[in-house]
Amino acid sequence: MTEKQKAGNDAMPMRTGAQLVIEGLEQAGCKVLFGYPGGAIIDVFHQIYNSPMKFVLPRHEQGAAHMADAYSRATGEVGCCLVTSGPGATNLVTGLATASMDGIPMVCITGQVSTKVIGTDAFQEADVCGVTRSVTKHNYFVKDVDDLPRIMFEAFHIAKTGKPGPVLIDIPKDIQLAKTAVPFPKAFGRPGYRPSFEGHPKVISRLAGLINSANKPLLYVGGGVISAGASELLAELAHKTQIPVTTTLMGLGAFPETDELSLRMLGMHGLIAANLAVKYCDLLISVGARFDDRVTGKISAFAPHARIVHIDIDPASIGKNVRCDLPLVGHIKPILEALIPQVKEAKHDAWLAECEAWKIADPFEYPLSKKGFIMPQYVMEQVYEVSKGEAIICTDVGQNQMFAAQFFKYTKPRSLLTSGGLGTMGFGLPAAIGAQFGRPGELCVCVTGDGGMQMNAQEIVVAVEHKLPINVVIFNNGTLGNVRQWQDLFFDKVHSATVLTQNNRPKNEQIIEGEACERYLPDFVLLAQAHGAEARRIYKIEDVAPALEEAFKSPKPWILEFIVDPNSNVMPIIPAGKSVDDTIRIM
Ligand SMILES: Cc1ncc(C[n+]2csc(CCOP(=O)(O)OP(=O)(O)O)c2C)c(N)n1
């Protein structure tokens, strides 16, 4: 039976492709749609007008992608966006790559020029499927309107099952105008796509045996635990077996950092205790993490005494970077449900005492500013204190991201939204907006740098338009701090292209003595006010907490620009490709 015959049986009314896009989004449960219009998608936008979905107009398609991505990270639902052909679609690329690297489910719809002019270099034509192939989990080019109901349905299924990721649907204009009576399918019908769900029972039993006989076991937890909704089960496993837990940047919040078993974040800027635990453990159980280079450093020195177990939904990630003694492919939830009854209650007192001693010896710490500046780490500690640890922290990329990871203790999943894999500067502000749409009423804080803030600053107005009470904390250190730090450490202190300003500080304050007076940064307070947001610049340590208190209480969007020590560094650091033995501590 053809699709058209099926349609006849179900007696569906004729609908245009444009109507089907909106219907498909609604049926899939999309509540907030982020997008930007244009000629090749105008027919779909015409249909939005009467839809119950909330539509948000970011001021750049990159903003739309990050908002939809963060909406998904904050809620666990699929993030959706809708843009036009050509530049509208190519502007999505960074957002798609960001979501793809971190396994975030999204459905993005792009308009395309009409099928009859494809390949003629028509106005605003771009090979969007070609361009986005490697940064999406899957993409579709719709050639026949009859296929559209199935494609809309499948896209959501593919985005959120297996290892989640972004799916793109490219729809030519004539297909948006064409009509069909084909109904939406009721079930997914592609036999070739069957991500494994239950882990293999024999492998789960072998893992239980390894856990029961280990002396120095360690749980190494990634963002997969959060996307699987398996945090509670993970805590149950850790508590029953008394296994310490370290998380990746993406895994922060999967296990409470306030728990005695927590060794907090591992890796390049992780807690030394976590990296030492990896070095000395005899069983490393990776749950939903992918052994990326920021975690492993020198691979030959990574967990040298341990059997390595890798639990992941994505078979392609097993053994990709690091040898694996026991692979366990499947959804983390059913795997942990099957594993927990098979493991014995244990104590590991000596091992935990060893870990505790490392924690006490080397906590995350920072020096006081030599010139009396505010330290960015102090601001982050105050964000934690003033919010009482109850906030959704959305970061940019750079030192600010690492300070947010080190000086805020994450206790709940989906409380740190950050671009872990791609490391996308400009993610923080649109992410805070997307997250606030997903979780209205919760305190939402964007932590960013003076460089990253300039990458998507146009989105401030979206927070103003929608009266979102987001708070933006800018660390103004006058440099692209993270790169400047590497230049200081590894490039003879030559600050090539990393200095944004020499002085953003009041002339009458002692702390600027001897500094030049040029400013190549916007005045962030004026910039925020120009967009209609509340804003304030903070120079003094004693003003940090009151400024945060005022902003956090306010129902309006607030931009706080903290003038921080230009020389502050993220410590400790394991230089790229090195091991914990090469850790550099305080500088
Ligand atoms: C889009 C993008 N371009 C370049 C980089 C490389 N990069 C990583 S951190 C960094 C500096 C960030 O500076 P800033 O936003 O001021 O934050 P800070 O490190 O000072 O906290 C740069 C340029 C990146 N991560 N993303």
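The paragraphs below set out a description of the structure included in this document. Keep in mind that what you see is a predicted model, and the values were worked out from it rather than measured. (Residues numbered from 1 in each chain as written. Predicted model: local features only at pLDDT ≥ 70, side-chain atom pairs only at ≥ 80, totals over all residues. Heavy atoms only, no water.)

### Observations regarding the overall build of the protein
On a plain count of helices and strands, the protein comes out with 23 helices and 20 strands. Over its C-alpha trace the protein gives a radius of gyration of 25 Å, about what one expects of a compact globule, namely 25 Å for 587 residues. In terms of overall dimensions, the protein has C-alpha extents of about 75 × 65 × 40 Å along its principal axes. Surface accessibility of the protein: about 23,300 Å² in total, with carbon and sulfur atoms responsible for 54%. Separation of charge centres in the protein, based on 55 positive and 61 negative side chains, amounts to 3 Å. (Helix = DSSP H or I, 4+ residues; strand = E, 2+ residues; numbered from the N terminus. Rg over C-alpha atoms; globule rule 2.2 N^0.38 Å. Areas by Shrake-Rupley, 256 points an atom, 1.4 Å probe, with all protein chains shown as cover. Lys, Arg positive; Asp, Glu negative; His and termini not counted. Charge placed at Lys NZ, Arg CZ, Asp CG, Glu CD.)

### Overview of empty space enclosed by the protein
All told, the structure shown has one cavity of 30 Å³ or more when counted by the stated rule. Taken as a whole, the largest cavity holds about 180 Å³ of empty space. Looking at the largest cavity, it is lined by 21 residues, and the ones nearest its centre are V295, T296, I574, S579 and V580. Elements with a minimum of two residues in the lining of the largest cavity: α13 (272-280) and α14 (293-296). Per-element accounting of the lining of the largest cavity gives the leading share, four residues, to α14. Partitioning the lining of the largest cavity into residue classes produces ten nonpolar, six polar and five charged. (1 Å grid on protein atoms, 1.4 Å probe; cavity = no way out; pocket = protein on both sides within 12 Å on 5 of 7 lines; lining within 4 Å. Points joined across faces, edges and corners; volume = space filled by probe spheres on them. Nonpolar A, V, L, I, M, F, W, Y, C, P; charged D, E, K, R; others polar.)

### A look at the site of the ligand
In the vicinity of the ligand, 17 residues are found, and the nearest of them are Q399, G423, D450, G452 and G481. Within the contact set of the ligand, a nitrogen atom lies 2.8 Å away from a backbone nitrogen or oxygen of G423. M425 has a polar backbone atom sitting 3.2 Å from a nitrogen atom of the ligand. Those elements that provide at least two residues to the shell around the ligand are α18 (399-406) and α21 (481-490). (Near = heavy atom within 4 Å. Polar contact = N/O pair within 3.5 Å; in protein donor to acceptor, adjacent residues only side chain to side chain.)

### Re the packing of aromatic side chains
Throughout the structure, instances matching the rule amount to 15 aromatic pairs. With a centroid separation of 5.3 Å and 85 degrees between ring planes, the pair formed by F45 and F55 is classed as edge-to-face. Of this pair, F45 sits in helix α3 (residues 42-48) while F55 sits in strand β3 (residues 54-56), and the two are ten residues apart along the sequence. Ring centres 5.6 Å apart and planes at 80 degrees place the aromatic pair W486 and F490 in the edge-to-face group. Residue W486 and its partner F490 are both found in helix α21; the two are separated by four residues, about one turn of the helix. (Phe/Tyr/Trp six-rings, centres within 6.5 Å; stacked < 30°, edge-to-face > 60°.)

### Some thoughts on α21
Those residues of α21 lying buried are G481, R484, Q485, Q487 and D488. Seen along its axis, α21 keeps its buried residues to an arc of 160 degrees; they face one direction. On its buried side, α21 packs onto α18. Remark: D492 follows α21 within two positions and exhibits a positive phi of approximately 55 degrees. (Buried < 20%, exposed > 50% of the residue type's maximum accessible area, 1.4 Å probe, protein only. Arc of directions from axis to C-beta. Contact = heavy atoms within 4.5 Å.)

### Considerations on the packing of helix α17 (residues 376-387) against helix α23 (residues 544-553)
Where α17 contacts α23, the two axes come as close as 10 Å, and the packing angle between them is 45 degrees. The orientation of α17 with respect to α23, classified from their angle, is oblique. Like other packed secondary-structure pairs, α17 and α23 cross with a definite hand, here right-handed. Each of Y378, V379, Q382, V383, V386 and S387 in α17 lies in contact with α23, whose residues at this interface are V544, A545, L548, E549 and F552. Here the residues of the contact of α17 with α23 sort into eight nonpolar, two polar and one charged. (Axes fitted to C-alpha atoms, helices over the stretch in contact; angles between N-to-C directions. Parallel < 35°, antiparallel > 145°, perpendicular 65-115°, else oblique. Left-handed = near helix turned anticlockwise from the far one by under 90°.)

### Regarding the pattern of salt bridges
Counting across every chain of the model gives 23 salt bridges. The salt bridge partner of R536 is E550, with a shortest N-O separation of 3.3 Å. Taken as a pair, R536 in strand β19 (residues 534-538) and E550 in helix α23 lie far apart in primary sequence, 14 residues in all. Of the residues examined, R536 reaches a relative accessible area of 27% and is grouped as partly exposed. Overall, E550 belongs to the partly exposed group, its relative accessible area being 40%. Connected via shared salt-bridge partners are D147, R150, E154 and R190. (Salt bridge = Lys/Arg side-chain N within 4 Å of Asp/Glu carboxyl O.)

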